[in-house]
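Architecture at a glance
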Amino acid sequence: MDEKIIAPSLLAADFANLQRDIEMVNQSDADWHHIDIMDGVFVPNISFGMPVLKAIAAHATKTLDVHLMIVDPDRYIKTFAELGANNLTVHYEACPHLHRTLQAIKAEGMAAGVALNPHTNINLLEDTINDIDLVCVMSVNPGFGGQSFIENTYDKVKALKELIIRKSAHTLIEIDGGVTSENAKQLIDAGADVLVAGSFIFKSDNPSQTIKKLKKLVG
Ligand code: DX5
Ligand code: ZN
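Basis of the calculations
- Residues numbered from 1 in each chain as written.
- Chains lettered and ligands numbered in written order.
- Predicted model: local features only at pLDDT ≥ 70, side-chain atom pairs only at ≥ 80, totals over all residues.
- Heavy atoms only, no water.
- Helix = DSSP H or I, 4+ residues; strand = E, 2+ residues; numbered from the N terminus.
- Expected span 1.5 Å × (residues − 1).
- Buried < 20%, exposed > 50% of the residue type's maximum accessible area, 1.4 Å probe, protein only.
- Contact = heavy atoms within 4.5 Å.
- Core = buried A, V, L, I, M, F, W, Y, C linked by side-chain atoms within 4.5 Å.
- Donors = N, O, S within 2.8 Å, 3.2 Å for Na, K, Ca; no water.
- Tetrahedral: all angles 85-135°; square planar, octahedral: opposite > 155°, others 65-115°.
- Near = heavy atom within 4 Å.
- Polar contact = N/O pair within 3.5 Å; in protein donor to acceptor, adjacent residues only side chain to side chain.
- Areas by Shrake-Rupley, 256 points an atom, 1.4 Å probe, with all protein chains shown as cover.
- 1 Å grid on protein atoms, 1.4 Å probe; cavity = no way out; pocket = protein on both sides within 12 Å on 5 of 7 lines; lining within 4 Å.
- Sits in = over half its atoms within 2 Å of the grid points.
- Nonpolar A, V, L, I, M, F, W, Y, C, P; charged D, E, K, R; others polar.
- Points joined across faces, edges and corners; volume = space filled by probe spheres on them.
- Salt bridge = Lys/Arg side-chain N within 4 Å of Asp/Glu carboxyl O.

1. Overview of helix α5 (residues 153–166)
- Taking 1.5 Å per residue as the helical rise, α5 with its 14 residues ought to reach 20 Å, and the 20 Å between its terminal C-alpha atoms agrees with that figure.
- By the burial criterion, the buried members of α5 are Thr153, Tyr154, Lys156, Val157, Leu160, Leu163 and Ile164.
- Considering only its buried residues, α5 is in contact with β5 (111–116), β6 (134–138), β7 (172–176) and α6 (184–190).
- Remark: Ser168 follows α5 within two positions and exhibits a positive phi of approximately 50 degrees.

Structure representation (structure tokens):
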């Protein structure tokens, strides 16, 4: 994986101007749209659900990278496929039958992602890494945008990269939470392929320019 991927998180967009912000991402140097679905049970926050995702999908022209922060995600795999998700990421901590969940996501034609909370060790993926298209390493506790980056993430990314190489897997490493121009390069050097950024992009004076800068920074 050579070209690094920038995935603006729409959670930090202006929801009253969602179409405008999606079109900004469409026109920008970004590669994916990162979409956070929260249920108020797995995480202590509720973001938005299917009708809003449907509206997003109607305007978005890039890969829809959907991050489910919900319990029992298996119930909605088919629905998210129908809504146009390209990548569907579930949380390790929410899936007692992770292998089955991954197969179900792939059976619907989507790339299968697994997100790890900051306390979840990457070695727990030893037996599933070859079935995972994307590991989303949470660099904040999931549920809210605008939190500060957890420094332990660098070591975690390095260890995950080693696991991927050792197992000859083709898994992408995505970082989600507190990503800025301050840590972007170091994350890529540690082995990351995809950087999600919410606040850093959407709260900046010129989001499109910020995306351009991030993209340039990570090459
Ligand atoms: C947090 C979400 C993130 C969030 C990142 O639970 O998964 O995608 O939007 O936001 P920032 O970049 O502001 O930390
Ligand atoms: Zn996310």
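2. Some words on the nonpolar core
- The biggest cluster of nonpolar side chains holds 61 residues, and the ones touching the most others in it are Ile35, Phe80, Leu88, Leu160, Ile175 and Leu195.
- Top contributing element to this core by residue count: α5, with five residues.
- The next biggest cluster of nonpolar side chains, apart from the first, holds seven residues, and it includes Ile5, Leu172, Val194 and Val196.

3. Here we look at the coordination of the zinc ion (ligand 2)
- On the protein side, the zinc ion (ligand 2) has His34 (NE2), Asp36 (OD), His67 (ND1) and Asp176 (OD) as donor atoms, found 2.0 to 2.3 Å from it.
- Note that the zinc ion (ligand 2) binds six donor atoms; their angles at the metal cover 70 to 168 degrees, and the shape is octahedral.
- Of note, the zinc ion (ligand 2) draws all its donor residues from one chain, in the sequence arrangement H-x1-D-x30-H-x108-D. Of the two residues, His34 sits in strand β2 (residues 32–38) while Asp176 sits in strand β7, which places them 142 residues apart along the sequence. Neither His34 nor Asp176 differs from the other in exposure class; each is buried.

4. Here we look at the site of ligand 1
- Residues in close proximity to ligand 1 total 20 residues, the closest being Ser9, Gly143, Asp176, Gly198 and Ser199.
- One of the side-chain nitrogen or oxygen atoms of His67 is found 3.2 Å away from an oxygen atom of ligand 1.
- Within the complex, 99% of the 380 Å² of free accessible area of ligand 1 lies under protein.
- Put simply, ligand 1 lies in the largest pocket.
- In terms of residue count, β2 provides more of the shell around ligand 1 than any other element does, three residues in total.
- The residue makeup of the shell around ligand 1, split by class, is eight nonpolar, 10 polar and two charged.

5. Points about the layout of surface pockets
- For the largest pocket, the calculated volume is near 320 Å³.
- Elements with a minimum of two residues in the lining of the largest pocket: β2, β3 (63–69), β8 (194–197) and α7 (199–202).
- When its residues are assigned to classes, the lining of the largest pocket shows 12 nonpolar, 12 polar and three charged.

6. Let's talk about the pattern of salt bridges
- Tallied over the entire structure, the rule returns 11 salt bridges.
- Close ionic contact of Asp29 with Lys212 constitutes a salt bridge, the shortest N to O distance being 3.9 Å. Of this pair, Asp29 sits in the loop between α1 (18–27) and β2 while Lys212 sits in helix α8 (residues 207–218), and the two are 183 residues apart along the sequence.
- On the accessibility criterion, Asp29 (34% relative accessible area) is partly exposed.
- Owing to a relative accessible area of 41%, Lys212 belongs among the partly exposed residues under this scheme.

7. Focus: the environment of Lys185
- Here Lys185 is to be found in helix α6.
- Judged by its relative accessible area of 40%, Lys185 falls in the partly exposed class.
- Sequence separation between Lys185 and Gly219 is 34 residues; the distance between their C-alpha atoms is 9.0 Å.

8. Quick look at the side chain of Thr120
- With respect to the helices, strands and loops of the structure, Thr120 is situated in the loop between β5 and β6.
- Exposure remark for Thr120: the relative accessible area of 4% places this residue in the buried category.
- The contacts of Thr120, once residues within four sequence positions are left out, are Tyr92, Glu93 and Lys156.

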